[in-house]
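Survey of secondary and tertiary structure
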Amino acid sequence: MGDSAASTFEFLGLTFNVGNMISILLACVVVLVLVYALSRHLTLKPGKAQNVLEYAVDFTNGIVRSSISGETSRTLGLWGFTLFMFIIVANLQGLFLHIDISGVTYVKSPTSDPVVAMTLALMTLTLAQFLGIRKLGYKGHFQNYLKPFVLFLPINLFEEFTNFLTLGLRLYGNILSGEMLLGIIIGMSHGGAVMWIVSFILELAWTGFSVFIGCIQAYVFVTLSSVYISRKLELED
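In what follows, the accompanying structure is described. The shown structure was predicted, so the numbers you read here are calculated from the model rather than taken from an experiment.

With that settled, consider the overall build of the chain. Across its full length, the chain carries eight helices and four strands. With respect to the three principal axes, the spread of C-alpha positions in the chain is 65 × 55 × 40 Å. In the chain, of all internal contacts separated by at least 6 residues, the share reaching a separation of at least 24 is 67%. A gap of 12 Å separates the mean positions of the 13 positive and 14 negative side-chain charges of the chain.

This is the structure we're talking about:
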């Protein structure tokens, strides 16, 4: 009971998880420090650090432009870069820094928590609705929910809900399962010298694979988010 109480706090009637707040804040700080370090000395003839940053920006811009055309793709470039950087750092954070004290987790991968993953999905859906209304107007935007027939309104609304679930749960499930399996592998090391060697090898292999999965999931999330937003910017037939 004490550990549970120590892991949460209330503010304005809302209950917050301390571990989630610390993990999210740490991921934000890492992204900020990383981008600052890479952009500290910008020159016309870029060095290695600037090349890395420019490659990351070009990469995320490419993701956005592949789905969204026109002026909107240029205005969403920073959104795509920020979202990608946060998710990739958040996905990998728990692999290299996992802090548990007295049964309370204070640092982990923020995206291994369903609240964080679903919040990111909700932010994407909210942005898509806003951009759709801004471009098509209220009438044009909401008319899409009545196509191809008015009777499709419940189906289209249900599709919005499933998009929200699949976008968030895909990210959450992949990162959580990776951390859980890594925890099981680490637990095997207590079975003696032979099991320690086996678990060490498995841990290295799984950590490498998890890094790959974490990067892929960041790419997939930004890609699907861009596709979803692009669909809200067009009038359906």
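From this point, things continue past the structure.
What follows deals with the packing of aromatic side chains. Scanning the entire structure with this criterion turns up seven aromatic pairs. Measuring from ring centre to ring centre gives 6.3 Å for Tyr-55 and Phe-59, while their planes differ by 20°; the resulting arrangement is stacked. Of this pair, Tyr-55 and Phe-59 both sit in helix 3 (residues 48-67), four residues apart, roughly one helical turn. Classification of Tyr-55 as exposed rests on a relative accessible area of 58%. Measuring from ring centre to ring centre gives 5.9 Å for Phe-59 and Tyr-219, while their planes differ by 35°; the resulting arrangement is tilted. Linking Phe-59 in helix 3 with Tyr-219 in helix 8 (residues 193-231), this pair joins segments that are 160 residues apart in sequence. Taken together, the ring pairs in this structure connect Tyr-55, Phe-59, Phe-84 and Tyr-219 into an aromatic cluster.

What follows concerns the packing of helix 6 (residues 114-143) against helix 8. One can describe the packing of helix 6 onto helix 8 by two numbers: an axis separation of 9 Å at closest approach and a directional angle of 25°. By the criterion of interaxial angle, the relationship of helix 6 to helix 8 is roughly parallel. Our pair here, helix 6 against helix 8, has a crossing hand that is right-handed. Between helix 6, through Leu-120, Ala-121, Thr-124, Leu-125, Leu-127, Ala-128, Gln-129 and Leu-131, and helix 8, the contact on the second element is made entirely by Phe-221, Ser-225, Tyr-228 and Ile-229.

So, how was this worked out
Residues numbered from 1 in each chain as written. Predicted model: local features only at pLDDT ≥ 70, side-chain atom pairs only at ≥ 80, totals over all residues. Heavy atoms only, no water. Helix = DSSP H or I, 4+ residues; strand = E, 2+ residues; numbered from the N terminus. Contact = heavy atoms within 4.5 Å. Lys, Arg positive; Asp, Glu negative; His and termini not counted. Charge placed at Lys NZ, Arg CZ, Asp CG, Glu CD. Phe/Tyr/Trp six-rings, centres within 6.5 Å; stacked < 30°, edge-to-face > 60°. Buried < 20%, exposed > 50% of the residue type's maximum accessible area, 1.4 Å probe, protein only. Axes fitted to C-alpha atoms, helices over the stretch in contact; angles between N-to-C directions. Parallel < 35°, antiparallel > 145°, perpendicular 65-115°, else oblique. Left-handed = near helix turned anticlockwise from the far one by under 90°.

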